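A closer look at the structure
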Amino acid sequence: MTSSPNPEFLRRAIALAVENVKKGAGGPFAAVIVRDGKIVGEGTNTVTTGNDPTAHGEVNAIRAACKALGTFTLAGCELYTSCEPCPMCLAASYWARLDAIYYGASAADAAMAGFDDAFLYAEFLKPGADRTLPVKQLLGEEAWASFAAWIASETKTPY
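Here is a short report on the structure shown in this document. Keep in mind it's a predicted model, so treat the numbers as computed, not measured.

1. Brief notes about the pairing of strand β2 (residues 38-44)
Bridge count for strand β1 (residues 30-35) against β2 is six bridges, and the pairing is antiparallel. Paired with I33 across the two strands is G41, which belongs to β2. Hairpin geometry of β1 and β2 is characterised by an intervening segment of two residues between the two adjacent antiparallel strands and by a positive phi of about 50 degrees at D36.

Structure (structure tokens):
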């Protein structure tokens, strides 16, 4: 269940983002994951220092929280992030099953600083073949084998 937002957690995320830039560790983004009024994971943007385009503040915070809690689901947790999540981080938040997202700067603010996600949203609306990065299915029938194995597995952990 989602509690009332606590601005102090957002202030922590903003401070982490500013510190991240000042020490040259990555972009101006950071996030914290909160459960029962306590921070269970923090993350800053480490895209350039870690050579990992998925190492956004929110994703790193999700990874840290899951590790700390020993789970792959963050139901019962909230995300406080210095900036409105990009499409990848928003999707990751849904996959993590977070209860709520609270953010500071808007996507428009990020765009003014050179981080514009409008291109991605426009790309997602196009058919696969019309995208800048073309998408085409191959070996669909053969690839079904992994799903058949999942369906038949008696040891799977549904998520």
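2. Here's the deal with the layout of surface pockets
There is about 380 Å³ of room inside the largest pocket. In this structure, the largest pocket is lined by 24 residues; those nearest its centre are F29, H56, C86, F115 and D117. Elements with a minimum of two residues in the lining of the largest pocket: α2 (47-50), α3 (57-69), α4 (87-96), α5 (107-112) and α6 (118-125). In terms of residue count, the dominant contributor to the lining of the largest pocket is α4 (three residues). By residue class, the composition of the lining of the largest pocket is 14 nonpolar, six polar and four charged.

3. Looking at the environment of A61
Relative to the elements of secondary structure, A61 occurs in helix α3. As for A61 and G43, which are separated by 18 residues in sequence, their C-alpha atoms are 4.0 Å apart. Ignoring sequence-local partners within four residues, the contact set of A61 consists of A31, V32, I33, G41, E42 and G43.

4. Brief notes about the environment of E8
The residue E8 is located in helix α1 (residues 7-22) in this model. On a C-alpha basis, the gap between E8 and D109 in space is 21 Å, while along the polypeptide they are 101 residues apart.

5. Quick notes on the pairing of strand β4 (residues 100-105)
With five bridges joining them, strand β3 (residues 77-83) and β4 adopt parallel strand pairing. Bridging across to β4, L79 finds its partner in I101.

Procedures and definitions
Residues numbered from 1 in each chain as written. Predicted model: local features only at pLDDT ≥ 70, side-chain atom pairs only at ≥ 80, totals over all residues. Heavy atoms only, no water. Pairing = 2+ DSSP bridges. Helix = DSSP H or I, 4+ residues; strand = E, 2+ residues; numbered from the N terminus. 1 Å grid on protein atoms, 1.4 Å probe; cavity = no way out; pocket = protein on both sides within 12 Å on 5 of 7 lines; lining within 4 Å. Points joined across faces, edges and corners; volume = space filled by probe spheres on them. Nonpolar A, V, L, I, M, F, W, Y, C, P; charged D, E, K, R; others polar. Contact = heavy atoms within 4.5 Å.

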